[in-house]
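Chain by chain, the residues:
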Amino acid sequence: MSKLLMTRRGLIASGSAALATSWTVPARAAGVAPTRSMRGGSNNYRPGAPIVDRIGGGGFWMSGTVRRAGDGAPLEGQRIQIWAHTTEGHERDARSHGATLTNAKGEFRLEMPQIVPAFGQAHGHLAYDSGYFKTVFLRPLMDSSRDTSLSAHFVLEPA
Amino acid sequence: MNRLHHALIWAGFLAVIGVPLVLAATSPLLAWRQPIYVAAGFAGVLGMAVLLAQPLLVTGVLPGLSGLKGRRAHRWVGGLLVGLIVVHVVGLWITSPPDMIDALTFTSPTPFSPWGVIAMWAIFGAAGLAIYRARMRLPIWRIAHSALVVIVVIGSVVHAMLIEGTMEIVSKAAVSAIVLIVTGLTIAKRRAWAPFMPKRTRR
């Protein structure tokens, strides 16, 4: 379970935070650090893309989790927007964008067309930009451009 | 040198430039790109391959383009390279403005971007120097031009090798290695630093 929830960045951040707090403030053990936006994460973002069952013809899965900073509680009903350069369109095209909501476990999952390498890397874009929490833009890389899924995880802090 | 010899040199030269282009033209990625993005990519591929022409024209290795003719061709090809870089950058800018702005401001998440941007400025510098050649002291001009060329070639090769794009990997590595070796040999042969070495500066 923790494997699913943790990104490398999250693991390093929360791990080092936990290490630091365990020395200084032993009482505050729960310290899930907020996810920071990645460089280039907001590129070609189109605010307000509609919530969809699937982007285009599908065949590729984007998934992840949304949790609250501090206690790490899953956040339900959070709107995550997803876009990428795919077999069906460029990043800038409206048809390459779609949004979905997290379930009670804070998980989201949206089918979309196959992501193909663009601007030198096979990558996707995700955004949390609903206002209640601070905005976060992610730009995860695929290990291989042949992968048919990609995941990214959000830990949000209040705006 | 006989005609066959000349033909073989040219055939080899054109193969090194042509094979990466032909293989890039078969890339599956092209099907999912708009024409402007395809053109921008190919300007980069062609620029990478055409880098090979420059040292060969300086040393006059290409039959029919030695001496003054080679120098003149070197200037034309230098201008062509600047044009290809402009097409590459403008085309990518039109394709995805924020990605190109990130690259040019050195804030891109992609590790190959700064290498490409540094190579671009170095190529503009090397070409700019060419315009002022007559007004500069030759030893200074030569060492400055050579230094910029080294940055251009290393920057371009690293830039190309780190990209997952339309270029086929073996031909990309091969053309990169050949450009590096030929440029290195030419720089070593030209010894632009010689006038600045202690023994050579004193008369």
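Note that the structure is a prediction, hence the values are computed from the model and not measured. The residue numbers shown here count from 1 along each chain, following its written sequence. Whichever chain is written first is A, and whichever ligand is written first is 1; the rest continue in order. In keeping with the model being predicted, local features are shown solely for residues with a pLDDT of at least 70 and side-chain atom pairs are shown and tallied solely at 80 or more, while totals for entire chains, interfaces and linings include all residues. Derived side-chain values reflect all non-hydrogen atoms in the structure, with water molecules and hydrogen atoms excluded from consideration.

J.: Pulling in residues and values, what's your account of the overall build of chain A?
T.: Broken down by element type, chain A carries 2 helices and 7 strands. Helices and strands appear in chain A in the N-to-C order α-α-β-β-β-β-β-β-β. Partly exposed residues are those whose accessible area sits between 20% and 50% of the maximum for their type, while under 20% is buried and over 50% is exposed, using a 1.4 Å probe and protein chains only. The burial tally for chain A puts 47% of its 159 residues in the buried class. At a minimum sequence separation of 6, the contacts of chain A that also span at least 24 residues come to 72%. The method behind every accessible area is Shrake-Rupley, applied with a 1.4 Å probe, and residues are considered shielded solely by the protein chains displayed. Summed over all atoms, the accessible surface of chain A reaches about 8,000 Å², with 53% contributed by carbon and sulfur. Here a strand is any run of E in DSSP of at least two residues, a helix any run of H or I of at least four, and the numbering for each starts at the N terminus. Note on definitions: a residue-residue contact is assigned when non-hydrogen atoms from the two residues lie within 4.5 Å.

J.: Describe the UniProt feature "domain: Ferric oxidoreductase" (unreviewed entry) in chain B, and please don't skip the residues or the numbers.
T.: UniProt positions are given in the numbering used here, feature names are shortened, and annotations may be inferred rather than shown by experiment. The sites that UniProt annotates as "domain: Ferric oxidoreductase" (unreviewed entry) are residues 44-155 of chain B. With 79% helix and 0% strand, residues 44-155 of chain B has its two end C-alpha atoms placed 13 Å apart.

J.: Describe the pattern of salt bridges, listing the residues and the values that go with them.
T.: Residues and elements named next belong to chain A. Should a side-chain nitrogen of Lys or Arg be within 4 Å of a carboxyl oxygen of Asp or Glu, the pair is scored as a salt bridge. Counted according to the given criterion, the structure contains 3 salt bridges over all chains. The salt bridge involving arginine 68 is made with aspartate 71; its shortest N-O contact spans 2.7 Å. For arginine 68, a relative accessible area of 34% gives the class partly exposed. Residue aspartate 71 is classed as partly exposed on the basis of its relative accessible area, which comes to 45%. Of the charged contacts in the structure, one is a salt bridge between glutamate 157 and lysine 134, with a shortest N-O distance of 3.6 Å. Remark: lysine 134 occurs in the loop between strand S5 (124-128) and strand S6 (136-138) and glutamate 157 occurs in the segment after strand S7 (149-156); sequence separation between them is 23 residues. Overall, the relative accessible area of 29% leaves glutamate 157 in the partly exposed class. The class for lysine 134 is partly exposed, based on a relative accessible area of 41%.

J.: Give me the lowdown on the pairing of strand S1 (residues 60-68) of chain A, citing residues and values where you can.
T.: Residue and element names in this part refer to chain A. When DSSP finds two or more bridges between two strands, those strands count as paired. Sheet analysis places S1 next to strand S4 (residues 107-112), joined by 6 bridges and oriented antiparallel. Bridging across to S4, phenylalanine 60 finds its partner in methionine 112. Pairing geometry for S1 and S7, over 8 bridges, is parallel. The residue of S7 that forms the bridge with methionine 62 is leucine 150.

J.: Describe in detail the side chain of threonine 35 of chain A, supporting the description with residues and values.
T.: Residues and elements named next belong to chain A. With respect to the element layout, threonine 35 can be found in the loop between helix H2 (8-24) and S1. Two N or O atoms count as a polar contact when they lie within 3.5 Å, although within protein this holds only if one can serve as hydrogen donor and the other as acceptor, and sequence-adjacent residues are included solely when both atoms are side-chain atoms. At a separation of 2.6 Å, a polar atom in the side chain of threonine 35 contacts the main-chain amide nitrogen of valine 155. Those residues within four positions of threonine 35 in sequence are excluded, and the remaining contacts are Val136, Leu138, His153, Phe154 and Val155.

J.: Can you explain the environment of tryptophan 83 of chain A? Please cite residues and give values.
T.: Residue and element names in this part refer to chain A. Locating tryptophan 83 in the fold gives a position in strand S2 (residues 79-84). With 46 residues separating them along the chain, tryptophan 83 and aspartate 129 place their C-alpha atoms 14 Å apart. From its side chain, tryptophan 83 meets the backbone oxygen of asparagine 43 in a polar contact 3.0 Å long.

J.: Lay out the interface of chain B and chain A in plain terms, naming residues and giving numbers.
T.: Listed as interface residues are 24 residues of chain B and, on the opposing side, 20 residues of chain A. Using a 1.4 Å probe, buried area is obtained as the accessible area two parts lose upon being combined, added over both of them. Each partner contributes to the roughly 1,800 Å² buried at the junction of chain B and chain A, and carbon and sulfur atoms together form 52% of this total. When residues of chain B are sorted by the area they lose upon contact with chain A, Trp32, Asp99 and Glu164 of chain B head the list and together hold 32% of the total. The interface formed by chain B and chain A contains 11 residue pairs in polar contact (both at pLDDT 80 or more). It is helix H5 (residues 97-104) of chain B that provides the largest number of residues to the side of chain B that touches chain A, a total of 5 residues. Looking at the side of chain B that touches chain A, its residues break down into 14 nonpolar, 6 polar and 4 charged. Three classes are used, and their members are as follows: Ala, Val, Leu, Ile, Met, Phe, Trp, Tyr, Cys and Pro are nonpolar, Asp, Glu, Lys and Arg are charged, and the others, Gly among them, are polar.

J.: Help me get a handle on a nonpolar patch on the surface, residues and values and all.
T.: Residue and element names in this part refer to chain B. Side chains of Trp115, Val150, Ile154, Leu162, Leu180, Ile181 and Leu185 sit close together on the surface and give an oily, nonpolar patch of about 620 Å² of accessible area. For the nonpolar patch, the elements supplying multiple residues, two or more each, are helix H7 (138-162) and helix H8 (169-190). Looking at the element boundaries, tryptophan 115 is found in helix H6 (residues 113-131). The exposure class assigned to tryptophan 115 is partly exposed, which follows from its relative accessible area of 38%. Surface patches are drawn from residues lacking salt bridges whose relative accessible area is over 30%; two like charges belong together within 9 Å, two nonpolar side chains (Val, Leu, Ile, Met, Phe, Trp, Tyr) within 5 Å.

J.: Explain the sheet that holds S4 of chain A to me, using residue names and the numbers behind them.
T.: Residues and elements named next belong to chain A. If you walk across this open sheet you meet the 3 strands as S4-S1-S7, and the pairing is mixed. Edge positions in the open sheet fall to S4 and S7, since each of these has one partner strand only. Ignoring which end each strand starts from, the neighbouring axes of this sheet average 20° apart. An axis is simply a line fitted to the C-alpha atoms; with a helix, the fit covers only the stretch in contact. Between two such axes, the angle follows the N-to-C directions and lies from 0 to 180 degrees.

J.: Which residues make up the packing of H7 of chain B against H8 of chain B, and what values do they have?
T.: All names here are of chain B. Interhelical geometry of H7 versus H8 gives an angle of 165° and a closest axis separation of 10 Å. Here H7 is positioned roughly antiparallel relative to H8, judged by the angle of their axes. H7 and H8 meet at a crossing whose hand is left-handed. Every residue of H8 that contacts H7 at Arg142, Ser146, Val149, Val150, Val153, Ile154, Val157, Ala160 and Met161 is listed here: Ile169, Lys172, Ala173, Ser176, Val179, Leu180, Thr183, Ile187 and Arg190. Angles below 35 degrees are treated as roughly parallel, those above 145 as roughly antiparallel, those between 65 and 115 as roughly perpendicular, and all remaining angles as oblique. Left-handed is the label given to a crossing in which the near helix is rotated counterclockwise from the far helix by less than a right angle, and right-handed is the label when the rotation is clockwise.

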